[in-house]
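Residue-level structural notes
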Amino acid sequence: MSAFLVLLRRELALAWGKGGGPLLALAFYACVVTLLPLAAGRAPERLAALAPGIAWLALALAALLSLERLFERDFEDGALDLLALGPAPLEAVAVAKCLAHWLAAGAPLALAAPVAALALGASSAIIPLLIVCALAGGLAFSFLGGLGASLALGSKRGGLLVAVIVLPLYVPPVIFGAGALDALAGGLPWTGGLLLLLAYSAAAVALGPIAMAAACRNALD
């Protein structure tokens, strides 16, 4: 456990020191939330209907920003070789990296999502569910993004490859989360969408590190 905590502190320091922490992701999130209504129209009823979907789309896109360097930085300077030989298994290293990414970017974005939704005219009744969905969905985004980043190790256009790998995997949580919010706003049963989102996030957290560790070992061989 002590080795894992050391890894987590290291990854958080790297995320804040060189990745800008949540600032870049929050700025991108604000830009997307601002620009999309300009394309959709200024009608309040239309924006209110689109608010949950826009908030989720912006959340998914903002989560992509810092994924390319999640493993690539350590791969280039040789730190990943040392981590592979360290006391913590590569699966724990992957968990630390993804968890640090979620704490540095995903959690702040989840807290910003209600502000964006309210600014777009969404009902305040969906805010508690929006926070829960955004936190769970952001966790899935981080671990699925880590999978894409590990599979793209050593490629010349890693950012593009990460997006190609990750975006299809982002579709289910976006559908489940936005569906639950739409159902709540419309007075329909919404627990099914939330449970599916939580199950998908749990599967990403449980299975993602195993796949990431295998991809890293393959890149280091």
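Shown above is the structure to which this text applies.
What you are looking at is a predicted structure, and each value in this text was computed from that prediction instead of being measured.

Where helix H4 (residues 69-77) meets helix H6 (residues 90-119), the closest approach of the two axes is 10 Å, and the angle between their N-to-C directions is 130°. It follows that H4 is oblique to H6 by the angle criterion. Mapping the contact onto sequence places Leu70, Phe71 and Asp74 in H4 and Ala94, Lys97, Cys98 and His101 in H6. Taken together, the residues of the contact of H4 with H6 break down into 4 nonpolar, 1 polar and 2 charged.

This paragraph deals with a nonpolar patch on the surface. Together, Leu160, Leu161 and Val164 line one region of the surface with nonpolar side chains, adding up to about 270 Å² of accessible area. As for its placement among the helices and strands, Val164 is situated in helix H8 (residues 158-185).

A separate point is the packing of aromatic side chains. Taken as a whole, this structure holds 2 aromatic pairs when the rule is applied. For the pair Phe141 and Tyr170, a centre-to-centre distance of 4.4 Å together with 40° between the ring planes defines the contact as tilted. Here Phe141 is found in helix H7 (residues 127-151), whereas its partner Tyr170 is found in helix H8, with 29 residues between them in sequence. When sorted by exposure, Phe141 lands in the same class as Tyr170, which is buried. Ring geometry for Phe176 against Tyr200: centres 6.4 Å apart, planes inclined by 70°, an arrangement best described as edge-to-face. Note that Phe176 is positioned in helix H8 and Tyr200 in helix H9 (residues 191-220), a separation of 24 residues in sequence.

Relative to the elements of secondary structure, Asp77 occurs in helix H4. Measuring from C-alpha to C-alpha, the distance between Asp77 and Cys216 comes to 14 Å, with 139 residues separating the pair along the chain.

A separate point is the side chain of Ser142. Its place among the elements puts Ser142 in helix H7. Under the relative-accessibility criterion, Ser142 is labelled buried at 1%. Ignoring sequence-local partners within four residues, the contact set of Ser142 consists of Leu67, Cys98, His101 and Trp102.

Let us now look at H9. Over its 30 residues, H9 extends 43 Å from the first C-alpha to the last, a length consistent with the 44 Å expected when each residue adds 1.5 Å. At Leu207, H9 shows its maximal bend, which comes to roughly 35°, and the proline Pro209 appears one to four places after that position. Of all the positions in H9, only Gly193, Leu194, Leu197, Ser201, Ala204, Gly208, Pro209, Met212, Ala213, Ala215 and Cys216 are classed as buried.

Attention now goes to the nonpolar core. In this structure, Tyr29, Trp56, Phe71 and Tyr170 are the most contacted members of the largest nonpolar core, which totals 64 residues. The greatest single-element share of this core, amounting to 13 residues, is contributed by H6. Those residues in contact with Trp56 that lie beyond four places of it in its chain are Leu130, Cys133, Ala134, Gly137, Phe141, Pro173, Val174, Gly177, Ala178, Leu181 and Leu197.

This paragraph deals with the environment of Ser150. Structurally, Ser150 is set in helix H7. Residue classification places Ser150 among the buried residues on the basis of a relative accessible area of 2%. As for Ser150 and Phe71, which are separated by 79 residues in sequence, their C-alpha atoms are 6.2 Å apart. If we ignore the near neighbours within four places in the chain, the residues touching Ser150 are Phe71, Met212, Ala215 and Cys216.

A complete count under the given rule lists 5 salt bridges for this structure. For the salt bridge of Asp74 with Arg10, the shortest nitrogen-to-oxygen distance reads 2.8 Å. Remark: Arg10 occurs in helix H1 (residues 2-17) and Asp74 occurs in helix H4; sequence separation between them is 64 residues. Asp74 gets classed as buried once you look at its relative accessible area, which sits at 2%. By relative accessible area, Arg10 is classed as partly exposed at 28%. The salt bridge involving Asp74 is made with Lys97; its shortest N-O contact spans 2.5 Å. Here the residue Asp74 occupies a position in helix H4, and Lys97 occupies one in helix H6, the gap between them amounting to 23 residues. The same class applies to Asp74 and to Lys97, which are both buried. Among the ionic contacts, a cluster of salt bridges with common partners joins Arg10, Glu11, Asp74 and Lys97.

Scoring rules and cut-offs
- Residues numbered from 1 in each chain as written.
- Predicted model: local features only at pLDDT ≥ 70, side-chain atom pairs only at ≥ 80, totals over all residues.
- Heavy atoms only, no water.
- Axes fitted to C-alpha atoms, helices over the stretch in contact; angles between N-to-C directions.
- Helix = DSSP H or I, 4+ residues; strand = E, 2+ residues; numbered from the N terminus.
- Parallel < 35°, antiparallel > 145°, perpendicular 65-115°, else oblique.
- Contact = heavy atoms within 4.5 Å.
- Nonpolar A, V, L, I, M, F, W, Y, C, P; charged D, E, K, R; others polar.
- Patch = residues over 30% accessible without salt bridge, like charges linked within 9 Å, V, L, I, M, F, W, Y side chains within 5 Å.
- Areas by Shrake-Rupley, 256 points an atom, 1.4 Å probe, with all protein chains shown as cover.
- Salt bridge = Lys/Arg side-chain N within 4 Å of Asp/Glu carboxyl O.
- Phe/Tyr/Trp six-rings, centres within 6.5 Å; stacked < 30°, edge-to-face > 60°.
- Buried < 20%, exposed > 50% of the residue type's maximum accessible area, 1.4 Å probe, protein only.
- Expected span 1.5 Å × (residues − 1).
- Bend = angle between axes of the 7 residues up to and from the residue.
- Core = buried A, V, L, I, M, F, W, Y, C linked by side-chain atoms within 4.5 Å.

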